[in-house]
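For reference, the chains in residue letters:
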Protein chains: 2
Amino acid sequence: MTGGALSDWLQQSLDRASDQPLYRQLRDLLLQAVMQGRLPAGGKMPSSRLLARELGIARNTVTEVYETLVAEGCLHGRGGSGTFVADLSADRIQAPAVSAQVEAEAAPALSTRGKLLRAGAGFAPNQWGAFMPGVPDVSEFPTRAWSRLLSRHWRKPAPERMTYAPPGGLPELRAAIAGHLRDARSLNCAPEQVIITTGSHQSVDLAARMLLDPGECVWLEDPCYWGLRSGLQSLDLDLRAVAVDGDGLNCASAEALPAPRMIIVTPSHQYPLGAVMSLARRQTLLERARRWGAFIVEDDYDSEFRYGTRPIACLQGLDRGGRVIYVGSFSKTLFPGLRIGYLVAPPALAAALADGSAELYREGQQLTQAVLADFIREGFLSAHIRRMRGLYGLRRQILREAIEREFGGALTASGDNAGLHLILRLPEGADDRRISAQALEAGIATRPLSRYYADAEKAPAGLLLGYACVKEAMIGPAFSRLAEILRRSI
Amino acid sequence: MTGGALSDWLQQSLDRASDQPLYRQLRDLLLQAVMQGRLPAGGKMPSSRLLARELGIARNTVTEVYETLVAEGCLHGRGGSGTFVADLSADRIQAPAVSAQVEAEAAPALSTRGKLLRAGAGFAPNQWGAFMPGVPDVSEFPTRAWSRLLSRHWRKPAPERMTYAPPGGLPELRAAIAGHLRDARSLNCAPEQVIITTGSHQSVDLAARMLLDPGECVWLEDPCYWGLRSGLQSLDLDLRAVAVDGDGLNCASAEALPAPRMIIVTPSHQYPLGAVMSLARRQTLLERARRWGAFIVEDDYDSEFRYGTRPIACLQGLDRGGRVIYVGSFSKTLFPGLRIGYLVAPPALAAALADGSAELYREGQQLTQAVLADFIREGFLSAHIRRMRGLYGLRRQILREAIEREFGGALTASGDNAGLHLILRLPEGADDRRISAQALEAGIATRPLSRYYADAEKAPAGLLLGYACVKEAMIGPAFSRLAEILRRSI
């Protein structure tokens, strides 16, 4: 195609009525001409001035298109001597063109671990209302106080606060959390041991990636939080389920299993059953972990909300071997959407875990972290926990009474001396997944207990009922609706 | 120990002058007595009323301690008949006690992948100032507009916005990003294809965990962003480095490597060298990926900041096979600490990646996401990008002039037709890591180019100089300080 033929072809092809700007049309047409070989390699392009005049468009437009095509390697400029068509033959695709449809069929799919993860996914479509477990009453959160702190920190933020966070997170927040854990949980830790994360998922991910190699064995409680299994599975670890009883995880019952390199437990309030790990079991666990050279991850999930008894001393405080990683978050005490959690590392591992966190996740959110630090230091956190403890205790009582009223002793609640949910045990043979699905259709969120077991077939039937995010007046009516479904199904 | 002996011993042991509350002291003493066998299993404890009177403390305190010890499994109550010492002999630890020091020596350490990750960690202590690459000028961010939107959303947040985010993130933000990408990058995508993440690290982690199995082969550009290698390494993948030239990654040069299952590229502005992948190379890459059944991750890192040429069409728009995962973030256009990024999934994989993201990371931050959605919709994002493009273009020019002034043609800048940094090439044999360390001591942050190569020994020497987060007046003086160090070292 000569210069004249080119401008004729362009003149016919440009659509001046189109929504697409002329720049875009011209670029696409020239690209097409080069790719299809209409413009031979090495050929000189008409000058931008000439082409602009022939097409009756602004010269700037042509210049920009030429520059873009040069940047894309389709044209090249030789000093001041003009613009030339690049030689693309070496790179040109030899294979026949395939239709979009054929390609779509061959599109690659999820990996095996991706499929597994998705099959086990348990995200509930409804994250609020009766009886969603694990969700606090966020409508009671002191948004005015929070908002005031937000404005204060956003008034004139230091640039350092708007870039990436230093390894381990904002120092002020690490100090505030260390103080809070000392007061509320008798934890013995320096601010440097506190690593800020986005929650328990990231805390466990960090511990697993920094401390475990592929194929190593991890013991999980059975039952346990399903989200834990999903994340670890995708890190290629050998997960083993160890049954819990009324005293928590029992090492003695797991003697046939491979020795673990990590044991993940919820000693202060077993999730989801609610058992408290006895002190003797704690000592045994620490002793066995020492023998195996294993780490213990202590997930102190919802220990702030206890009804009746005082908090139990944590494993972290009993550890003399630098093997306990203590994990907690503000998802239950403040609000889940905040996404701030932490782990407390043994002193010898703290710097490594902080570095690992910066390298793996490259977090920021320092302004939010600064707001939380003030919120803790100014006493809002403990005041909110105290207030919510009373409120949740009341709601728990109302739900217990509703259960008693509807079922007498036929169905009983358990596992609720702490936390935000109780377990309603169902008779053997009841299909808790089906019941939970039916309840959801009727607008009542629950979680089937069997979902939390490694082997759902052998699991006892039950429902997790969260009472924290249901207003008092709604508890009775909502439970009555659930009771109707239960009576039809069991 | 009889009841009387017990109260005598407690009376002597309690320290009323101590900072520790009596509750805590009493609990610890009784715990000790049970664990050491001073109180025999099955023995009846004195009633709380009696013990309280003998010790002269509040009965409530004793009751609470008893309840805690019951919860911990050290005591048990038998209906109304009193409180008894539990039998812990079965659980009691047989092994001899080990001192803290011995245990500390045996403390478990980092995994192999953890050590690797830490050895490669590249987090800079200084995240702001001359010449930190990859950091935008956050002091120019319109904090007033942002703060106003924050207040608006925090005034009366819906509870749903304070709990976990739905899979894929806040729908309003997914829609706003799809719109922005359509206008700014000619991307062709529906809101459902946009998955909100916390940034490129999480986007790549998600794609890798959902789409790749352990041991599968991933091609990375050589050089590339080091943070990419660290994260993937810890997922147990077979990483291969493929050299880039002036046209970007060249599949033809990699024929000896195992066929990849994923190829991660920065076609619009190769990171860190700055090459633009030619259209021919893009077509070849897509064709080869089709043949191998491989995914392509297109990291469109800093394509918004181009100086001179228009943005280049992206791979995602050329893809007919549903194999391109497009990755971007607001770290460079707004501020790194925001931690909001996204990936654009092929339609067939969008739901799976959204589910995977909810399951793996359980994100929230919906109020921040809502603020960003408004910020985009109300035009603040594009206005800010336009303004910063002009400002960064100016700073780039000033830095180029400073280099010219100090070194004439002896050292040259390259790779800066887009982005926030340039590459200052150093003579062969120069030790760029040492020079970078010396510069840091003098208060000048840079990154050694060799750091970005898979094999640092064979890498060319150079420095990455970020000009975006340095005020115009500071650029010349800061570069003069750097020039002094350079003249001494090369």
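- An unreviewed UniProt entry lists chain A under the name DNA-binding protein, with Rhodoblastus sphagnicola given as the organism.
- Quoted verbatim from the Sequence similarities (unreviewed entry) field of UniProt, the annotation for chain A is "In the C-terminal section; belongs to the class-I pyridoxal-phosphate-dependent aminotransferase family."

Quick look at the sheet that holds strand 10 (residues 341-344) of chain A
Residues and elements named next belong to chain A.
- Strand order in the open sheet formed by 8 strands is 3-10-9-8-7-4-5-6, and the pairing between neighbours is mixed. With one partner strand each, in any of the chains shown, strand 3 (194-197) and strand 6 (248-249) form the two edges of the open sheet.
- As defined by bridge partners, strand 4 (residues 217-222) adjoins strand 5 (residues 238-245) across 6 bridges and the pair is classed as parallel. When the bridges of strand 5 are listed, Val218 appears paired with Leu239.

Focus on the side chain of Asp416(A)
- Within the secondary structure layout, Asp416(A) lies in the loop between strand 11 (413-414) and strand 12 (421-425).
- Sequence-distant contacts of Asp416(A), that is, excluding residues within four places in its chain, are made with Tyr307(A), Arg396(A), Arg400(A), His421(A), Leu422(A) and Tyr467(A).

Focus on unusual backbone geometry
- Along the chain, Asp222(A) connects to Pro223(A) via a cis peptide bond; the corresponding omega equals 5 degrees.
- Checked against the element boundaries, Pro223(A) lands in the loop between strand 4 and helix 11 (226-233).
- Backbone geometry at Arg339(A) places phi at a positive 55 degrees, although glycine is not the residue there.
- Among the secondary structure elements, Arg339(A) is positioned in the loop between strand 9 (324-329) and strand 10.
- In the Ramachandran plot, Gln365(B) falls in the positive-phi region, its phi being about 55 degrees despite a non-glycine side chain.
- Looking at where Gln365(B) falls in the secondary structure, it is placed in the loop between helix 14 (350-361) and helix 15 (366-377).

Overview of empty space enclosed by the protein
- This structure, assessed with the given rule, holds 5 cavities of 30 Å³ or more.
- The calculated volume of the second largest cavity comes to roughly 350 Å³.
- When the residues that make up the lining of the second largest cavity are grouped by side-chain class, the tally is 13 nonpolar, 18 polar and 4 charged.

Some remarks on the nonpolar core
- In terms of nonpolar packing, the biggest core is built from 150 residues, with Phe131(A), Phe479(A), Phe131(B) and Phe479(B) touching the most fellow members.
- Counting 64 residues, the second largest nonpolar core, distinct from the first, contains Val327(A), Leu360(A), Val218(B) and Leu353(B).

Digging into the interface of chain A and chain B
- Facing the 121 residues of chain A at the interface are 120 residues of chain B.
- Counting every contact that joins chain A to chain B gives 4 salt bridges.
- For the salt bridge of Asp205(A) with Arg209(B), the shortest nitrogen-to-oxygen distance reads 3.1 Å.
- At the boundary of chain A with chain B, the tally comes to 41 residue pairs in polar contact (both at pLDDT 80 or more).

With respect to the domain arrangement of chain A
Residues and elements named next belong to chain A.
- We note that the domain assignment places domain 1 (3-85), domain 2 (141-378) and domain 3 (383-489) within chain A.
- Computed from C-alpha atoms alone, the centre-to-centre distance between domain 2 and domain 3 is 27 Å.
- Facing 24 residues of domain 2, the contacting portion of domain 3 comprises 24 residues.
- In this assembly, domain 2 packs against domain 3 so that about 2,200 Å² is buried in total across both faces, 62% of it on carbon and sulfur atoms.
- When the buried area of domain 2 at its contact with domain 3 is split by residue, Trp226, Phe305 and Tyr307 rank highest and sum to 34% of it.
- The tally of links between domain 2 and domain 3 comes to 0 salt bridges.
- Residues belonging to the side of domain 2 that touches domain 3 are distributed by class as follows: 14 nonpolar, 4 polar and 6 charged.

Cut-offs used in this document
Numbering of residues starts from 1 in each chain and follows the order in which that chain's sequence is written. Note on labels: chains are lettered from A, ligands numbered from 1, in written order. Local features in a predicted model are, by the rule used here, given only for residues with pLDDT of at least 70; side-chain atom pairs are given and counted only at 80 or more, and totals for whole chains, interfaces and linings are based on all residues. Hydrogens and water molecules were not included; the side-chain quantities draw on all heavy atoms of the structure. UniProt positions are given in the numbering used here, feature names are shortened, and annotations may be inferred rather than shown by experiment. Strand pairing is assigned whenever DSSP detects at least two bridges linking the two strands. Labels follow the DSSP assignment, with helices taken as runs of H or I lasting at least four residues and strands as runs of E lasting at least two, numbered in each case from the N terminus. Residue contacts are counted whenever heavy atoms from the two residues lie within 4.5 Å of one another. Points on a 1 Å grid, built from protein atoms alone, make a cavity when a 1.4 Å probe fits but cannot get out and make a pocket when they are open with protein on both sides within 12 Å along at least 5 of 7 lines; residues with an atom within 4 Å of a point are the lining residues. Grid points are joined across faces, edges and corners, and a volume is the space filled by probe spheres set on the points. Under this grouping Gly is polar, as are all residues other than the nonpolar Ala, Val, Leu, Ile, Met, Phe, Trp, Tyr, Cys and Pro and the charged Asp, Glu, Lys and Arg. In this description, a nonpolar core means a group of buried Ala, Val, Leu, Ile, Met, Phe, Trp, Tyr and Cys residues linked to one another through side-chain atoms lying within 4.5 Å. Only protein chains enter the accessibility calculation, which uses a 1.4 Å probe; a residue whose area is less than 20% of its type maximum is buried, one above 50% is exposed, and one in between is partly exposed. Just to be clear on terms, a salt bridge is a Lys or Arg side-chain nitrogen sitting within 4 Å of an Asp or Glu carboxyl oxygen. Distance and chemistry together define a polar contact, namely a pair of N or O atoms within 3.5 Å, with one atom able to donate a hydrogen and the other to accept it when in protein, and with adjacent residues in sequence counting only for side-chain atoms on both sides. Either an automatic procedure or a domain database provided the assignment from which the domain bounds are taken. Summed over both partners, buried area is the accessible surface (1.4 Å probe) that two parts give up on being assembled.

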